[in-house]
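Okay, here's what each chain looks like letter by letter:
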Amino acid sequence: MSTAREHVVVMKFGGTSVEDATAMRRTAAIVEGRRKKGLQAAVVVSAMAKVTDLMIASGAAAGRGDRVGALAISERLRTRHLDTAAQLLQGDRFVKLRPAIEGEFDALDDLLRGIAAVGELTPRTADLVVSFGERLSSRIVAEAFDQHGLNGAHVDARTCIITDSTYGKAVPQEDAIEAKLAELVLPLLEAGKTPVMGGFIGSNEQGITTTLGRGGSDYTAALVGGGLHAGAIEIWTDVNGIMTTDPRICPDALRVKTISFEEAAELAYFGAKVLHPATILPAVQKSIPVWVLNSRNAENEGTKITAMAPPCASPFKSIAAKKRLTIIDVVASRMLMSHGYLKAVFDVFDKYQCAIDMVSTSEVSISLTVDSNQRLPEICAELSKIADVKLEGNKALICMVGEDIRGHNGIAGRVFSAVSHVNVRMISQGASEINMSFMIDEEDVEEAIKSLHQVFFTTVDETVFDVAARSAVVPI
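Residue numbering note: each chain is counted from 1, following its sequence as written. pLDDT decides what is reported in this predicted model: residues at 70 or higher carry local features, side-chain atom pairs at 80 or more are listed and counted, and totals for whole chains, interfaces and linings draw on all residues regardless. Each side-chain value is worked out from all heavy atoms of the structure, with water and hydrogens disregarded.

Caption draft 1: Just the side chain of Thr303, in detail. Its place among the elements puts Thr303 in strand E11 (residues 303-306). Overall, Thr303 belongs to the buried group, its relative accessible area being 0%. Whenever two N or O atoms come within 3.5 Å, that pair is a polar contact, provided that in protein one can donate a hydrogen and the other can accept it, and provided that, for residues adjacent in sequence, both atoms are side-chain atoms. There is a polar contact of 2.5 Å between the side chain of Thr303 and the backbone oxygen of Val256. Contact criterion: two residues are considered in contact whenever any of their non-hydrogen atoms come within 4.5 Å of each other. Apart from residues no more than four positions distant in its own chain, Thr303 is found in contact with Asn240, Gly241, Ile242, Arg255, Val256, Lys257, Ile259, Val290, Trp291 and Val292. Only DSSP runs of H or I reaching four residues or more are called helices, and only runs of E reaching two or more are called strands; each is numbered from the N terminus. In this scheme, a residue with accessible area under 20% of its type's maximum is buried, one over 50% is exposed, and one in between is partly exposed, where area comes from a 1.4 Å probe on protein chains only.

And the structure:
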């Protein structure tokens, strides 16, 4: 295994950090600051803010046969990207880059016409459509970096991020990625250049475009960081790091200074929007610290995510909520939990690749929660062959994360006293030492979080939480 390259930092900038010419200039200044400290930066960028949603909409319109609507969306995006590049780039730089931008949009328009003619949008083609966002933003940012004296060098992420062929949520092939990074990116860093690539996109071994799923730009950054054995991975967004809860619900939410990989993973999976759940996996494997930082407030220290976080006097680090969940009650009065029953139930969910968030069992019933409603009719039809099935929608999962929750006596009593005015439908504690979760109605989420935050974060450990700057910045 290669030794760690402490002088290499992988910097990922989200959509709001590259949303327009002003944001891109700010991003260039941040990267320049890292280089002045003697660091070599490999940069991963998302599509410009809201572009991915519009790309998806254009593909969907074409899939319905609405060629005019699809091309209209593409034209709006063409104008936006050209205008941004024109505002950003000086002299001949825009003149030289313009044909590349026009060429990408010409290719997108041809693709949309083809989809509309066939009247079908396949997962493979959908990945190709949506890939244009990162392909375009990374080209523009690379040119902006070069103009800024950073020796920007565009790298098509599809040449480095090798995946399988699971379109829409491809699985990275980490050994192949490391080999490609050593071949294509490392020489650029060693030559003093700043490689810039789009996040979220990759390709399979046949060179067919794939994507890592929504939020996959963070994942790309972690894969690049892991593959380069970088000294750090920085996720630049528009919040001051990981907060004690959503500042939109609690304006007095605190910044968490340091958090463990395990805690961050739980928070990300259960609703915290700052970080993609898979982001930290390649970092954990190689003990690379991850920083969550604010591109609009670059001086803020952000949140450091590391293998071992310092001890904390507070039982919890943060509260997250995951909405739009459904509870499935499976009552097996006919089988009375006979041998093989649980396996039969879970085999149904496995068959339809439906992830389960929480499970609760009794002598004759199982309650499960899922956030994927697409295949619920088929799942329920199969479950009905072995049990009675009932659904409850519009539920939300409140997840409270902290180190060694089990070590704090009476913690459950304090939690449920704080939400005594809310109907709690399911409870989970014990499966993880760092997570206490419970299910409530969606409409009660804000009230529950405010009550919990007041109880557990009024007086806190100042070595772990930033008490001086209670942020009301709206997260992405």
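Caption draft 2: Geometry of the environment of Ile208. The residue Ile208 is located in the loop between strand E5 (201-203) and strand E6 (209-211) in this model. A C-alpha to C-alpha distance of 9.8 Å links Ile208 and Thr125, two positions 83 residues apart in sequence. Excluding residues within four positions of it along the chain, Ile208 makes contact with Arg124, Tyr167, Gly202 and Ser203.

Caption draft 3: Quick look at the packing of aromatic side chains. Note on ring pairs: Phe, Tyr and Trp rings are taken, using the six-membered ring of Trp, and paired if centres are within 6.5 Å. Classes follow the plane angle, with under 30 degrees stacked, over 60 edge-to-face and the rest tilted. Under the counting rule described, the total for this entry stands at four aromatic pairs. The interplanar angle of 90° and the centroid separation of 5.0 Å between the aromatic rings of Phe316 and Phe456 together place this pair among those described as edge-to-face. In this pair, Phe316 is assigned in the loop between E11 and strand E12 (318-331) and Phe456 in helix H14 (residues 445-456), connecting sequence segments 140 residues apart. Across the pair, Phe456 and Phe316 agree in class, each one buried. Above the face of the Phe132 ring, Arg135 is positioned so that its terminal group lies 3.9 Å from the ring centre. Note on geometry: a ring has a charge over it if NZ (lysine) or CZ (arginine) is within 6 Å of the ring centre and within 35 degrees of the ring normal.

Caption draft 4: Examining the nonpolar core more closely. Definition used in this section: a nonpolar core is a set of buried Ala, Val, Leu, Ile, Met, Phe, Trp, Tyr and Cys residues joined via side-chain atoms within 4.5 Å. Among the nonpolar cores identified, the biggest contains 130 residues, and Leu228, Ile398 and Leu452 are the most heavily contacted of them. Counting 16 residues, the second-largest nonpolar core is a separate cluster that includes Val330, Val348, Ile366 and Leu368.

Caption draft 5: Seen up close, the sheet that holds strand E17 (residues 435-441). Strands qualify as paired when DSSP identifies two bridges or more between them. One open sheet holds the six strands; their spatial order is E13-E14-E12-E15-E17-E16, and the pairing between them is antiparallel. Only two strands of the sheet have a single partner each, and these edge strands are strand E13 (356-361) and strand E16 (426-429). With direction set aside, neighbouring strand axes in the sheet form an average angle of 25°. In terms of strand pairing, E13 meets strand E14 (residues 365-370) through five bridges, oriented antiparallel. For every element, the axis is a line fit to its C-alpha atoms; helices are fit only across the contacting stretch, and the angle between N-to-C directions ranges from 0 to 180 degrees.

Caption draft 6: Highlighting the packing of helix H6 (residues 174-184) against helix H8 (residues 216-228). As a packed pair, H6 and H8 sit with axes 9 Å apart at the nearest point and diverge in direction by 70°. With respect to each other, H6 and H8 are oriented roughly perpendicular. Considering how the two elements wind past one another, H6 and H8 form a crossing that is right-handed. Contact residues: H6 offers Glu174, Ile177, Glu178 and Leu181, while H8 offers Leu223, Val224, Gly227 and Leu228. Three categories are distinguished: nonpolar for Ala, Val, Leu, Ile, Met, Phe, Trp, Tyr, Cys and Pro, charged for Asp, Glu, Lys and Arg, and polar for the others, with Gly belonging to the last. Within the contact of H6 with H8, the residues separate by chemical class into five nonpolar, one polar and two charged. Any angle that falls under 35 degrees is termed roughly parallel, while one over 145 is termed roughly antiparallel, one within 65 to 115 roughly perpendicular, and all others oblique. Crossing handedness follows the turn of the near helix against the far one: under a right angle anticlockwise gives a left-handed crossing, and clockwise gives a right-handed one.

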